[in-house]
Amino acid sequence: MRKVLILLMMLLPLKGYGQLHFPEEFWRARPPADTLTLFAVGDIMSHGAVIRDAAKNGYEGFFKYIERDIQGADIAIGNMEFPLAGKPYSGYPNFSGPEAYAEYLSRVGFDVFLTANNHILDRGDAGLARTIRELGARDLWYTGIAATPGKDTLQNPLILPLKGIRVAIVNFTYGTNQGSSKAWPKVQRMDTLTLKPVLERARSKADLVLVFPHWGVEYAPKHSARQEEMARWLIGQGAHAIVGAHPHVVQDVQWIDGVPVFYSLGNALSNQNDPPARLEAALTLRFVIRLGERPQLLEHCLDYLWCTKPGMVEDSFSTVPVTLPETYWKVPSDYKQMKSTLNAR
C-alpha cells in the first residue's frame, strides 16, 4: 500500500487524499488487477490509560505484532473511535485522543480511518471540526464525517483507486453520545433515507462497495435483529461485504445472498478488562475483480488477537496474535486467561 500512496503523490501532488478528484485518465490507464486484499480491525480506543502509557512508552508496541499484516494488505482499515479534539486529552466517557496516536496508526500502515462512531462528538461540534482539520492536515484518508455538503460527496463514500480498481468505503453510526447543534460538520448516520444516495454513488462510481457500520448492542456475543435487518438492506443496495464495529466483542458471521456480514470485530486496542472485550479479531478479505463482472470473494480469514496491558508482553499496551508463544509473556497468567477465553468461544 505504501507504493500505491507514493504513486498517488507522484501523479497528484495535492493535499488531503480524502478530498482528491482522480482524473478519468488515471482510471483508464490502469486495467483492473486480479485480486485486492483488505485488512481490517475493530475499535481502536483511546482510554485514559492508553494515553498515559503512550506518553511514557510511546506507541510503537501497540500493533508491533501485526504490523506485517497491516502493511501487507492493499488497503488496511481501522475504526478510530475517538475525536482529535485537542488538549486536555481524555479517555472515557468523553474521548479526545492525541494527534500523535493518529500519526502512529498511519505510520504503522493503516490507510483509512473510520470516524462515524458514537464517540466522535464527545467534544461537540468544535471537536468534530477539529478532527476533520487535523486528519486533513496530515493527508489521512477518512470517511464517515464531512465538513461541508461539497466535501460530503467526496468523503461519503470515500472512493479510492487501488491497483486500478475503484473501491468505495461507506461508514456510518447508529448514533452519537453527544448531540449536535449544527447541520455541518456532519456525522453519517444509520438512516436509510440519507444512506441511500451514498450507496447509489458507491454503486455508480466503484467496482467494489465495502460497508463499515457502527452498530449493535455493546458486549452482546450475537448480532441483533436490527443489525440483520440493516445488513439485508445494505446488501440490497449493492454492498459486497459488511464489517461492523461498536459491540467491543467479536460477534458472529452471517452470509446473506452470498455476501459476508462480519457483525463485529471487537476491540483492536483498549483498556477494557473483561476478557471477551480483550479477545479481538483481524479480518482479511481477498477479492478477485474481472472487467464487467461482479466482484468475487476468493477467501476470508478471521485471526483472533488479544490486547495485552503494559508489562504483560511489552512495556506498553500491545495487541498480539493468539498464536504468540507463551514464552513472550512476562505474566504467564495472562496467557492462560487468553487461552481460556478463546476456548470458551
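Everything that follows concerns the structure shown earlier in this document.
To keep things clear, this report deals only with the structure shown in the data block.

Rules of the game
- Residues numbered from 1 in each chain as written.
- Predicted model: local features only at pLDDT ≥ 70, side-chain atom pairs only at ≥ 80, totals over all residues.
- Heavy atoms only, no water.
- Buried < 20%, exposed > 50% of the residue type's maximum accessible area, 1.4 Å probe, protein only.
- Helix = DSSP H or I, 4+ residues; strand = E, 2+ residues; numbered from the N terminus.
- Lys, Arg positive; Asp, Glu negative; His and termini not counted.
- Salt bridge = Lys/Arg side-chain N within 4 Å of Asp/Glu carboxyl O.
- Polar contact = N/O pair within 3.5 Å; in protein donor to acceptor, adjacent residues only side chain to side chain.
- Contact = heavy atoms within 4.5 Å.

## Some words on helix α5 (residues 99–108)
Item 1. A large share of α5 lies buried, amounting to seven of its 10 residues.
Item 2. The complete set of buried residues in α5 reads E99, Y101, A102, Y104, L105, S106 and V108.
Item 3. Positioned one or two residues after α5, G109 has a phi angle of 130 degrees, which is positive.

## Concerning unusual backbone geometry
Note: most peptide bonds trans; most residues except glycine with negative phi.
Item 1. With an omega of 5 degrees, the peptide bond running from N156 to P157 counts as cis.
Item 2. W184 connects to P185 through a cis peptide bond whose omega is 0 degrees.
Item 3. Assignment of secondary structure puts P185 in the loop between β7 (165–173) and β8 (186–187).
Item 4. Notably, H246 is not glycine yet its phi reads approximately 110 degrees, a positive angle.
Item 5. Within the secondary structure, H246 is located in the loop between β10 (241–243) and β11 (253–256).
Item 6. By relative accessible area, H246 is classed as buried at 2%.
Item 7. Of note, the phi angle at H248 is positive, near 70 degrees, even though the residue is not glycine.
Item 8. Looking at the element boundaries, H248 is found in the loop between β10 and β11.

## Side note on the side chain of D43
Item 1. By the secondary structure assignment, D43 is in strand β1 (residues 35–44).
Item 2. Buried charge without a partner: D43 forms no salt bridge, and the closest opposite charge is R345, 13 Å away.
Item 3. Within the local environment of D43, its side chain forms a polar contact with the backbone nitrogen of H246, the two atoms lying 3.4 Å apart.
Item 4. A polar contact is formed between the side chain of D43 and the side chain of H248, at a distance of 3.2 Å.
Item 5. Apart from residues lying up to four places away in sequence, D43 is in contact with N79, E81, H214, A245, H246, H248, G266, N267, A268 and L269.

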